[in-house]
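Notes for the structure review
So the chains spell out like this:
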Amino acid sequence: MSKAILPLEIQQLSDQLDLHNYRYHVLDEPSIPDAHYDKLFKQLQAWEQANPELVSPQSPTQRVGAKPINGFSQITHEMPMLSLDNVFNGEELTDYSQRIKERLGLSDEQSIEYACEPKLDGIAVSLLYENGLLIRGATRGDGTTGEDITHNVRTIASIPLKLRGSGYPDKLEVRGEIYMLKAGFVAMNEQAAKIGDKLFVNPRNAAAGSIRQLDPKITARRPLEMCCYSVGVVEGGEIPDEHIATLELLQSWGLKINPHLSKAQNIGDKISYIDTMQKLRDQLPYEIDGLVFKVNNYHLQQRLGFISRAPRWAIAYKFPAQEALTEVENVEFQVGRTGAITPVARLKPVFVGGVTVSNATLHNMDEIQRLGLQVKDTVVVHRAGDVIPKVVRVILEQRPADAYAVEFPTQCPVCQAEIVRIAGEVVSRCSGGLACAAQRKEALVHYVSKKALDIDGLGEKLIDTLVSKEMVAKFDDIYHLSKSNLMRLERMGDKSVDKLLQTIERTKQTSLARFIYALGIREVGEATARNLAREFGYLDRVMTASVERLEQVSDVGPIVAKHLASFFSQAQNLAVIDSLRTAGVNWPEAEPIAEAELSLANKVYVLTGTLEQMGRAEAKAHLQELGAKVAGSVSKKTDCVVAGTAAGSKLTKAQDLGVEILTEVEFIAFLKAHNVVLDL
Ligand code: IVH
């Protein structure tokens, strides 16, 4: 193929577009606005339309050029594409590392460097570059033979049509994973549901389906990316003798590599990589199903060789699957603190996401309808991290003949009061209010919780007992519990009763913010309660404020303002507050401090790294309480950075800019010095 000679400015325009593509899709560091990119792209397109004979196949405009193909042709891989052996826990990983050491004849003191990588949940592909030009893309297939998907890989923006820079081998086969972004997958399925199309089961299936399209225009519309994780055939050139260095070189040639690569010198490093990645897993924009550890040095890799279809020099550390199939045995209805009726699926116990799950939330009736779920259906249950397990799909093909539809109750399953659904709301509620034992119990659990009155020792179980024995019905009943009554309960000894009564007494002295939060007003969370307390200073002022006045409080919108006003207009709620005050619950009240007079007014803070003693949200709320703004990135405008452990680039930037830096210990001391009440 003879290379077309382009006018200099067109070549420059094309190079510029390639550079921006690389910065955006490979480095994740875009340097120009999207609109500017589009403008340059259109300029090149216009010129090419006028000069069709000079269009290069590698031009950034030529990604979706190809016509649909009639069928896939087979490609035989010159070097087989292998798979990986698995381990499932730290112990198995330690044993694996030990075996490798022994095989290489190393002593316990000698260490082997490993490359650590996420195991991307997509499909394996091979890209072939000759003289820097992408000439072929193929699926892994059975490892020996795959399918030619060149027309489709060309549409993926993170795959360069020509390599950047110089020094690449004449013939270079790059291998990696094509995967679909989670957000794109959700959007695609939502769109498919709207037009009644078949839904994809998960991002991996969606990626596989997208890459096996005959028409590249369809693939081009799918949110696919590719990360490279190894090289295959290399001819007419050299690559480094280490894996990570090779990947970095691939990146400099324009190929995308995963940003979470790391090196491990020993098992401890591997375990901490596992910890870090497990925490990150749910936040990653793509799915990973584990991690891969590879001996970093190619000479050692060669000495280790292969067993059947997997290399000895690499191992996959598999995460527990986040999805599993099980059966819905029943659907029951729970009553929450605000009376919300939540359908819960009782499941045949199933191991998913590392634990045994026997219940999953179904949220509300609309969700049951959306899922089309019936009792006795087989369903897919999803559990990620600490999130409540969720039913994500019904397997209709497996519906038994005796499956039956879920009927929404008309009466509360606990107090038999009528269930009402306010027009425009998705949630149905029990109308029993605090006359409903379930609502009463949940309200009490909330009242004593850590962020409310913080009555440690009054747990959910004990409240259950107290409510069912009718020893406690209203909040203030807590303050009239006697030692003799408590002693009669099972598992309540002299010491624990004394301790509980002391805690109840001590926590009567509280703060206005905690008290407002404890009341359990709908939609009034901790932060809102804190803002109300700060702006009004006195409970009576909050109670008598108009909806308009309430709406001026930061965080309070029209709905929350309405809930507040309505709560304080009900006689029974005023009676509750009264009885609590009479029982001795108290808090300091004072004239509110004007915003401008707050000690951190106009100051910009940035939080980075992990705070060990308090959550990010809490730290942010405390700073806001003192009047500071909390920003997401460090700039010249930043006044102070609070740096927890494992702080990264934000800390470095703060150091470069000479911004004040506080450690977590210093930050806590600082908050205490400003009279902030801490929950540590
Ligand atoms: S290395 C010989 N690295 O996992 C080495 N594979 O179970 C073979 N995969 O077919 C691959 N992320 O599709 C490697 N960082 C990674 C990977 C990865 C995902 C997939 C790949 C392979 C399968 C093996």
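In this report, we go over the structure that sits alongside the text. In this numbering scheme, every chain counts its residues from 1 along its sequence in written order. Local features in a predicted model are, by the rule used here, given only for residues with pLDDT of at least 70; side-chain atom pairs are given and counted only at 80 or more, and totals for whole chains, interfaces and linings are based on all residues. No hydrogens and no water enter the side-chain calculation; it runs on all heavy atoms of the structure.

1. What about the site of the ligand?
Cut-off, in case you're wondering: We call a residue near a molecule or strand as soon as one heavy atom of that residue lies within 4 Å of the molecule or strand. Nitrogen and oxygen atoms within 3.5 Å of one another constitute a polar contact, given that in protein one can donate a hydrogen and the other can accept it, and given that sequence-neighbouring residues count only through two side-chain atoms. Note on areas: these come from Shrake-Rupley sampling with a 1.4 Å probe, and a residue is covered only by the protein chains present in the view. Grid spacing is 1 Å over the protein atoms alone, the probe is 1.4 Å, and a cavity is where that probe fits but cannot get out, while a pocket is an open set with protein on both sides within 12 Å along at least five of seven lines and lining residues have an atom within 4 Å of a point. To decide whether a molecule occupies a pocket or cavity, check its atoms: if more than half lie within 2 Å of the grid points, it is inside. The helix count covers DSSP runs of H or I at least four residues long, the strand count covers runs of E at least two residues long, and both are numbered beginning at the N terminus.
Residues in close proximity to the ligand total 15 residues, the closest being Glu 117, Leu 120, Glu 177, Tyr 229 and Lys 294. Contacts to the ligand include Glu 117, whose side-chain N or O atom sits 2.7 Å from a nitrogen atom. Contact between the ligand and Glu 177: an oxygen atom at 2.5 Å from a side-chain N or O atom of the residue. Relative to its unbound accessible surface of 520 Å², the ligand loses 88% to contact with the protein. Using a 2 Å cut-off from the grid points, one finds that the ligand occupies the second largest pocket. No other element matches strand β3 (residues 114-120), which puts four residues into the shell around the ligand.

2. So, the environment of Arg 63
Short version of the rule: Note on definitions: a residue-residue contact is assigned when non-hydrogen atoms from the two residues lie within 4.5 Å.
Relative to the elements of secondary structure, Arg 63 occurs in the loop between α2 (34-50) and β1 (74-76). The spacing of Arg 63 and Tyr 229 is 166 residues in sequence and 23 Å in space, taken between C-alpha atoms. Arg 63 has contacts with Arg 154, Thr 155, Ile 156, Ala 157, Ile 159, Pro 160 and Leu 161, leaving out every residue within four places of it along the chain. Within the structure, Arg 63 has its side chain in polar contact with the backbone oxygen of Ile 156 (distance 2.9 Å). A distance of 2.8 Å separates a polar side-chain atom of Arg 63 from the backbone oxygen of Ile 159.

3. Focus: the packing of aromatic side chains
How we decide: When the centres of two rings from Phe, Tyr and Trp lie within 6.5 Å, Trp using its six-membered ring, the rings pair. Their planes under 30 degrees apart give stacked, over 60 give edge-to-face, and anything left gives tilted. Burial status follows relative accessibility: with a 1.4 Å probe on protein chains alone, a residue under 20% of its type maximum counts as buried, one over 50% as exposed, and anything between as partly exposed. To sit over a ring, a charge needs its Lys NZ or Arg CZ within 6 Å of the ring centre and within 35 degrees of the ring normal.
The tally for this structure, following the rule as stated, stands at ten aromatic pairs. Each ring, one from Tyr 168 and one from Trp 253, has its centre 6.0 Å from the other, and the planes form 85 degrees; the classification is edge-to-face. One end of the pair, Tyr 168, is in the loop between α4 (150-153) and β7 (171-180); the other, Trp 253, is in the loop between α8 (243-252) and β9 (262-264), and 85 residues separate them in sequence. Relative accessible area serves as the criterion here: at 22%, Tyr 168 is assigned to the partly exposed category. Given a relative accessible area of 3%, Trp 253 falls into the buried group. Arranged with centres 5.1 Å apart and planes meeting at 80 degrees, the rings of Phe 333 and Phe 408 form a pair that is edge-to-face. You can see Phe 333 sitting in strand β14 (residues 323-335) and its partner Phe 408 sitting in the loop between β20 (404-405) and β21 (419-421), a full 75 residues away along the chain. Taking the relative accessible area as the measure of exposure, Phe 408 reaches 22% and is therefore partly exposed. Between Lys 270 and the ring centre of Tyr 114, over which it is positioned, the NZ or CZ distance is 3.7 Å.

4. Looking at the side chain of Lys 508
Within the fold, Lys 508 resides in the loop between α15 (494-506) and α16 (512-518). A residue is classified by how much of its surface remains accessible, and Lys 508, at 11% relative accessible area, is buried. For Lys 508, the contacting residues outside a window of four places in its chain are Tyr 479, Ala 583, Gly 584, Val 585 and Asn 586.

5. Examining empty space enclosed by the protein
What counts, and what does not: Grid points are joined across faces, edges and corners, and a volume is the space filled by probe spheres set on the points. We call Asp, Glu, Lys and Arg charged. Ala, Val, Leu, Ile, Met, Phe, Trp, Tyr, Cys and Pro are nonpolar, and the rest, Gly among them, are polar.
Taken as a whole and assessed by the stated rule, the structure comprises one cavity of 30 Å³ or more. Space inside the largest cavity adds up to approximately 50 Å³. Lining the largest cavity we find Glu 117, Pro 118, Leu 120, Cys 227, Cys 228, Tyr 229, Asn 258 and Leu 261. Elements supplying a minimum of two residues to the lining of the largest cavity: β3 and β8 (224-235). Taken together, the residues that form the lining of the largest cavity break down as six nonpolar, one polar and one charged.

6. Digging into the nonpolar core
As a rule of thumb, nonpolar side chains are buried together in soluble globular proteins. Stated formally: By convention a nonpolar core is built from buried Ala, Val, Leu, Ile, Met, Phe, Trp, Tyr and Cys residues, the set being connected through side-chain atoms within 4.5 Å.
Among the nonpolar cores identified, the biggest contains 54 residues, and Tyr 447, Ile 478, Tyr 479 and Leu 532 are the most heavily contacted of them. Listing elements by their share of this core, those giving two or more residues are α12 (437-448), α13 (460-468), α15, α16, α17 (526-536), α18 (539-544), α20 (558-569) and α21 (571-582). When neighbours within four sequence positions are excluded, Leu 532 is seen to be in contact with Ile 516, Val 524, Gly 537, Val 542, Leu 550, Val 553, Val 556 and Leu 564.

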